[in-house]
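# Architecture at a glance
These are the residues of each chain, in order.
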Amino acid sequence: MNGILFRRLPVYSSVHTAINTSCAQCLYTRWESCIQKYDHSYKASLLNIRTLCLPNNNGLHISRSRQKSSVSHRTDTLELRRHLSFSAADMVGKMPKNIQPYFRLMRLDKPIGTWLLYLPCTWSIGLAAEPGSIPDLYMLALFGTGAVLMRGAGCTINDMWDRDFDRKVERTASRPIASGEITRFQSFFFLGGQLSLALCVLLCLNYYSIALGAASMSLVITYPLMKRITYWPQFVLGLAFNWGALLGWSAVKGSCDWSVCMPLYISGVMWTLIYDTIYAHQDKNDDVLVGVKSTALRFNERTKQWLTGFTMAMLTGLTVTGLSCDQALPYYASVTLIGVHLAYQIYTLDINSTEDCWNKFISNRNVGFILFIGIVLGNLWKKQDKSKPKGYQSSL
C-alpha cells in the first residue's frame, strides 16, 4: 500500500518518467550507433523501404505495382519522345533495308555537308535580289535540290577513291563501299544517276550558269586525290564547296559581277578552311597511319593561329562584298556576329577532342544562316531604286 501511494506522488512520477525517457534515449542511441557501425547503408535501406511501403487503412503494404506503373510511364514517355523526334538519321533508318546503303552513301543521314554546300548559294541568291525584295524562292528551291544531289555525288566519288583508306579508319570503316554493302559497279551506276539528275537541275538555268556549273566538275572529281599529294586538300574542297557563291548570282543576274562574287567566293573558301580543318582533326591519328594529308596535320599545334588568320580574311571579304552591294546595317551586324561566333569557336576549340571538333564543325551551319539572314534583312532595309522603270527585270 505504501509503495503504491508512494508511486502516485508527483515527485516520484516525475522521476520515474525521466528515468524511462533517459533509458529509451540511451537504448535508441546505442542501437543507432550500432547500426551505423556495422551497416553504413542503413539509411539507403530505410529510404528504399519508405519508398516501397505506403500506409493504408489496413497497415503497410509494398506498393510494387505502383512502382512498376511509374517505370512504365517513364518508358512510354521516352518512346513517345523518340517517335515525335525527327532527324535525318531516323528518316534513313526507316527506309527499306535494300536502299539504306545508298542513302548513307549520299550522307543523307548526316545533312551537315549539304547545308555547308547549299548556304553559299543562298548568300549569292540573296545578294542578287532587288533592293527591298526577298530572295527568289524558286532559285532557292532549285539550288537546294542541286545541293543534295551534288553533295551525294561528291560523297560517292570520294568513297570510290578512298575505299581502301576508309577500311583502315575506324570512323569510316562502316561506309557502304568500304564495308562491301555496295559494290564498285553499283556505286558507279548510282553516281551516274545522281549526276544525271543534277544535270537536269543545271539545265533549268541560263546558258552562262550552265557553263559555269559544268566547270565545277573538275574540282569535284579531283578533290579526293588532293589528300594524297598535298597538305592543303581543304583548300581544294573550299574551291568546290563554294562554287555556288558564283553560280547563285549568275543564275539570277545572267552573269557574274566579279566585284561582288569574287570576295564572296574567297570568303567562302576561307570559311571552308576553318570548318574542315577542325573536322580533319578528328582523323589526324588515323591519317598519319594510312598516309593521308590534311591541313590539320600541316598546322598541328598552330591550328588556332591559322584559323584566326582565315577568319580575318573571311570577314574582310564579306565586308568588301557588302560595300560592293551597298548593303545596309543588318548585313554588317550579321558579319560582326559571325566574327564573334568564330572567335569563340576558335578560342574554345580542343583539337585533341574528337567530340569537341565535331560539335565545333557542325556549329558552322549557324554561321551560314546568320549571314543569309543578314543579307535578307539588309535587302529589305534598302529602299527600292527609283531610277529603274516599273516592271524592270534583270536579264537572265
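Scroll up a little and you will see the structure.
Residues numbered from 1 in each chain as written. Predicted model: local features only at pLDDT ≥ 70, side-chain atom pairs only at ≥ 80, totals over all residues. Heavy atoms only, no water.

### Side note on the overall build of the protein
Scanning the protein for helices and strands turns up 22 helices and 2 strands. When contacts within the protein are restricted to residue pairs at least 6 apart in sequence, those whose partners lie at least 24 apart make up 73%. Accessible area for the protein stands at about 22,700 Å²; split by element, carbon and sulfur atoms hold 63% of it. (Helix = DSSP H or I, 4+ residues; strand = E, 2+ residues; numbered from the N terminus. Contact = heavy atoms within 4.5 Å. Areas by Shrake-Rupley, 256 points an atom, 1.4 Å probe, with all protein chains shown as cover.)

### Observations concerning the pattern of salt bridges
Tallied over the entire structure, the rule returns 11 salt bridges. Residues aspartate 159 and arginine 107 are paired through a salt bridge, measuring 2.8 Å at the closest nitrogen-oxygen approach. With aspartate 159 in helix H8 (residues 137–161) and arginine 107 in the loop between helix H6 (100–105) and helix H7 (112–128), this pair connects stretches of sequence that are 52 residues apart. For aspartate 162, the salt bridge goes to lysine 227, with nearest N and O atoms at 2.9 Å. One end of the pair, aspartate 162, is in the loop between H8 and helix H9 (163–168); the other, lysine 227, is in helix H13 (residues 217–229), with 65 residues separating them in the sequence. By sharing partners, the salt bridges in this structure join Arg107, Asp159, Asp166 and Arg175 into a single network. (Salt bridge = Lys/Arg side-chain N within 4 Å of Asp/Glu carboxyl O.)

### Structural notes on the packing of helix H16 (residues 258–280) against helix H21 (residues 354–362)
A packed helix pair is summarised by two numbers, namely the angle formed by the two axes and the spacing between the axes. Relative orientation of the contacting elements H16 and H21 amounts to 160 degrees, with a least axis distance of 8 Å. When the interaxial angle is binned, H16 and H21 end up roughly antiparallel. For the pair H16 and H21, the sense of crossing is left-handed. Listed contacts from H21 to Tyr275, Ile278 and Tyr279 of H16 are Cys357, Trp358, Lys360 and Phe361. Within the contact of H16 with H21, the residues separate by chemical class into 6 nonpolar, no polar and 1 charged. (Axes fitted to C-alpha atoms, helices over the stretch in contact; angles between N-to-C directions. Parallel < 35°, antiparallel > 145°, perpendicular 65-115°, else oblique. Left-handed = near helix turned anticlockwise from the far one by under 90°. Nonpolar A, V, L, I, M, F, W, Y, C, P; charged D, E, K, R; others polar.)

### Describing helix H20 (residues 329–348)
Over its 20 residues, H20 extends 29 Å from the first C-alpha to the last, a length consistent with the 28 Å expected when each residue adds 1.5 Å. Among all positions of H20, only Pro330, Tyr331, Ser334, Val335, Ile338, Gly339, Leu342, Gln345 and Ile346 are buried. (Expected span 1.5 Å × (residues − 1). Buried < 20%, exposed > 50% of the residue type's maximum accessible area, 1.4 Å probe, protein only.)

### With respect to the side chain of threonine 114
Structurally, the position occupied by threonine 114 is in helix H7. Sequence-distant contacts of threonine 114, that is, excluding residues within four places in its chain, are made with Ala147, Val148 and Arg151.

### Describing the nonpolar core
With 70 residues, the main nonpolar core has Phe143 and Met314 as its most contacted residues. Per element, the largest residue contribution to this core is 12 residues, and it comes from H16. If we skip the residues at most four places from it in the chain, phenylalanine 143 touches Tyr118, Cys121, Ile125, Leu205, Leu247, Gly248 and Ala251. Met106, Ile177, Ile182 and Phe190 belong to the second largest nonpolar core, which has 5 residues in total. (Core = buried A, V, L, I, M, F, W, Y, C linked by side-chain atoms within 4.5 Å.)

Coordinates in, geometry out; function isn't part of it.
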